[in-house]
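# Architecture and fold: a report
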Amino acid sequence: MATWIKICGLTNLEDAALAAGLGADALGFVLHPQSRRYCAPNTARAIITAVPPSVTTIGVWLDESADVVSAAARFIGCDFVQTYDPMSARALHAQGFDVLPAIPVADEADGGEDWRRFCQSWTGRVVVDRSRVTLQRSIQACVRGRDESHDVVSTLRKTLQVVLAGGLNPENIRAALNAYRPLGVDVASGVESALGQKDTEKLVRFIEEVRRWDAMVGSDGSVGSLSPRP
C-alpha cells in the first residue's frame, strides 16, 4: 500500500500545482496568523479551488478555537482541518468536520495528558509532529538496532494511523520510513528553497524516495493495508 504523502506549508498556487502534479496525496495550508508559512484565507481558497479535486486539501491551525477554525475552514473549502489543540479537534469532529489531529512531540514525551486522553478514544489518523533533533536521534537508534518500542511514535502506531512529521527531508525520509513504517509522511521545510517556497528538485527527490521505498517493501505488504487517503 502506498505511503500517504502530505506537502505542507504551501503559500502559492505554483508550488501547490507542482506538488499535486508530482503525485502528492494531500496539500497543507497553514492558517495560523503567527506562522512563518502563513497562507491568508483568500489565497488558500483560491489555491484549493484551482487544484485537482482528487488531491486532499488540509487547513492547518495551531491553538485556535473550534469556532474560529470552523468559520475559516468553511470559507477556504478545505477537505480536512488539522489542529494542534485536542479540545478543538473534539469539537470540530462533533460538528461534522473531517479532522486530522496533530500531536506535538518532543523527546519521548507524547504531547501531554490532554493528548493521551484524546488518543484513547480516537480511531482515525493523527499527525505526530517530531522535532528535527528528536527524529534524527530516533532514526539513528533504530539503525543501530536499539529497541524503540517505548518511543511515542511506535506506541501510537499500535492503535492509530500515524502520519510522521517534523524534520523530514529527501536525505532522511527512507531511514524514517524504515524506522517507523508510518501510514503517511508530512513535509514542509524539508522541501523548501526559501521560507514558504518549495524547491522543485527537493520535492521530486522526496516523493521519489517515498515511492521507491513503497516499491521495495510493498511486495510483502509490510506497510500495512490502510487507506492511502484520510
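Note that the structure is a prediction, hence the values are computed from the model and not measured.

Glancing now at helix α1 (residues 13-21). Taken residue by residue, α1 has Asp15, Ala16, Ala19 and Ala20 as its buried positions. Buried residues in α1, looked at end-on, bunch into an arc of 130°, giving them a common side. Every exposed residue of α1 that faces more than 90 degrees away from the buried side is listed here: Glu14 and Gly21. Tucked into the core, α1 has its buried residues touching β1 (4-7), β2 (26-30), α2 (41-50), β10 (197-198) and α9 (200-217). Taking the backbone nitrogen of Glu14 as reference, a side-chain oxygen 3.3 Å away marks Asn12 as the first, capping residue of α1. In the segment just after α1, Gly23 is the residue with positive phi, at about 105°.

Another point: the pairing of strand β8 (residues 184-187). Burial along β8 is two-sided: Gly184 and Asp186 facing one way and Val185 and Val187 facing the other are all buried. Bridge count for β1 against β8 is four bridges, and the pairing is parallel. When the sheet's bridge partners are listed, Trp4 is paired in β8 with Gly184. Here three bridges tie strand β7 (residues 161-165) to β8, and the two strands are oriented parallel to one another. If you follow Val163 over to β8, its bridge partner there is Gly184. Taken together, β7, helix α8 (residues 173-180) and β8 constitute a β-α-β crossover, and its handedness is right-handed.

Time to look at the pattern of salt bridges. Inspection of every chain in the model, using the stated rule, returns ten salt bridges. For Arg117, the salt bridge goes to Asp114, with nearest N and O atoms at 2.6 Å. Placement of both Arg117 and Asp114 in helix α5 (residues 113-121) is noted, with a separation of three residues, approximately one turn of the helix. We classify Arg117 as partly exposed; its relative accessible area is 42%. Taken together, the shared-partner salt bridges connect Arg174, Glu208, Glu209 and Arg212 into one network.

Definitions and cut-offs
Residues numbered from 1 in each chain as written. Predicted model: local features only at pLDDT ≥ 70, side-chain atom pairs only at ≥ 80, totals over all residues. Heavy atoms only, no water. Buried < 20%, exposed > 50% of the residue type's maximum accessible area, 1.4 Å probe, protein only. Helix = DSSP H or I, 4+ residues; strand = E, 2+ residues; numbered from the N terminus. Arc of directions from axis to C-beta. Contact = heavy atoms within 4.5 Å. Polar contact = N/O pair within 3.5 Å; in protein donor to acceptor, adjacent residues only side chain to side chain. Pairing = 2+ DSSP bridges. Right-handed = clockwise from strand over helix to strand, strands pointing away. Salt bridge = Lys/Arg side-chain N within 4 Å of Asp/Glu carboxyl O.

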